[in-house]
Amino acid sequence: MILGKLRNFIEDKILTNPCFGKNQPLRSDNPSFLPSLNSLKKNGYCNVGKLLSEVELLQIRKKMTSLSKNKKIANFNKSVNYIQFNKPLLIHPAFTRIATNPYILDLIETYFNRECYLADVDARRIYAYDVNEIQKNVGYTSSNWHKDSRGRQLKLMIYLTDVNSNDSNFSFIPETHIPFFSRSKNNVYRFSDADVNQIENEPIEWLGKAGEACLFDTNLIHRLRRKKTASIRDSFTFYFTPGQELRHLDLDLGLPELNKNKIFSGAENSLFRPRIKY
Ligand SMILES: [Fe+2]
């Protein structure tokens, strides 16, 4: 417990702090780079457009439907009515390609001004559910307003199905990622509706087409807004950090060249923990 707190303190205050005096080299020359980076810094999020083709989306949804019947791969959580898939990178090679996308990695590493790593991945199929019912049955979940407690982290979230106003959507309050929320302060990561009502900025309900993606700082106050009226929502999320909270990744062995990208390796600085297998 004390060691864990000390580790968080060192990671948050020293190891993941933006480096001064040295910028990360860029790999891409996308004209959207500067406006997106500025939005990420100021608002805590930026839109990165459509990352999957219609053909890939069809293949992915078909694969997820077939995997959803396999209990070794699909973990159905009855209390919150969604499926979480094991080994998400094996669902489709496009996900490994996206994890190594030069433009996205440039945004992430310039934002943190640090070398970064793919810390974790998550693929979900979410069914309709009333948030009040979840609260009644399970108590506090990611459907309530919160900040993630993994230190400096960006998530790249891709909708794999169209998300309209009747559907369950990712929701967040812009500019709430500043100041950085250190894990060593025993701060509260949960926020009530009353807390959120006191914040000047209005929540943004992210609606979008299948294949569209956004980058978010997970220190933004956010929630997964579940709705009773929702159609099935599939999503894929990549978590990037400057080296802390790295989880074991099951890589797609059919992509040896892409897998050499250092984003998938352990952190270079040996003060970070090796990747953890759960
Ligand atoms: Fe979260």
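Look up a bit, the structure's there.
Anyway, here's the lowdown on the structure attached to this text. Since we're looking at a predicted model, the values are computed, not measured.

### A short note on the overall build of the protein chain
What the protein chain contains, in helices and strands, is 8 helices and 10 strands. Taking 19 Å as the expected radius of gyration for a compact globule of 278 residues, we find that the protein chain reaches 18 Å, a close match to that expectation. If one aligns the C-alpha atoms of the protein chain with their principal axes, the spans along those axes are about 50 × 50 × 40 Å. The proportion of buried residues among the 278 residues of the protein chain is 36%. Taking the contacts inside the protein chain whose residues are at least 6 apart along the sequence as the reference set, 88% of them involve residues at least 24 apart.

### Quick notes on helix α3 (residues 54-67)
Taking 1.5 Å of rise per residue, 14 residues should cover 20 Å, and α3 covers 20 Å from first to last C-alpha, within 8% of that figure. Of the residues making up α3, those classed as buried are L57, I60 and M64. Buried residues of α3 fall within an arc of 65° about the axis and therefore sit on the same side. Exposed and oriented more than 90 degrees from the buried face of α3 are V55, L58, K62, T65 and S66. Where the residues of α3 are buried, they touch β3 (82-85), β4 (117-126) and β10 (233-241).

### Looking at the nonpolar core
Ranked by internal contacts, the top residues of the largest apolar core, which has 53 residues, are I108, Y117, L118, L156, I158, L215 and F240. Element by element, the count of residues in this core is highest for helix α5 (residues 102-112), at 6 residues. Setting aside anything within four residues of it in sequence, one finds I158 in contact with L51, L52, G211, A213, S235 and F236.

### Description of the environment of L107
On the secondary structure map, L107 appears in helix α5. Separated by 61 residues in the primary sequence, L107 and C46 place their C-alpha atoms 9.8 Å from one another. When near neighbours in sequence (up to four residues on either side) are disregarded, L107 contacts F33, S36, L37, L40 and L215.

### Here we look at the packing of helix α2 (residues 33-43) against α5
Remark: α2 packs on α5, axes separated minimally by 10 Å, with the N-to-C direction vectors making an angle of 45°. If you check the angle between α2 and α5, you find them oblique. As for how α2 packs across α5, the hand of that crossing is right-handed. Taking contact as the criterion, the partners of F33, S36, L37, L40 and K41 in α2 are, on α5, Y103, D106, L107, T110 and Y111.

Analysis parameters
- Residues numbered from 1 in each chain as written.
- Predicted model: local features only at pLDDT ≥ 70, side-chain atom pairs only at ≥ 80, totals over all residues.
- Helix = DSSP H or I, 4+ residues; strand = E, 2+ residues; numbered from the N terminus.
- Rg over C-alpha atoms; globule rule 2.2 N^0.38 Å.
- Buried ≥ 20, exposed ≤ 12 C-beta atoms within 10 Å, placed from the backbone.
- Contact = placed C-beta atoms within 7 Å.
- Expected span 1.5 Å × (residues − 1).
- Arc of directions from axis to C-beta.
- Core = buried A, V, L, I, M, F, W, Y, C linked by C-beta atoms within 7 Å.
- Axes fitted to C-alpha atoms, helices over the stretch in contact; angles between N-to-C directions.
- Parallel < 35°, antiparallel > 145°, perpendicular 65-115°, else oblique.
- Left-handed = near helix turned anticlockwise from the far one by under 90°.

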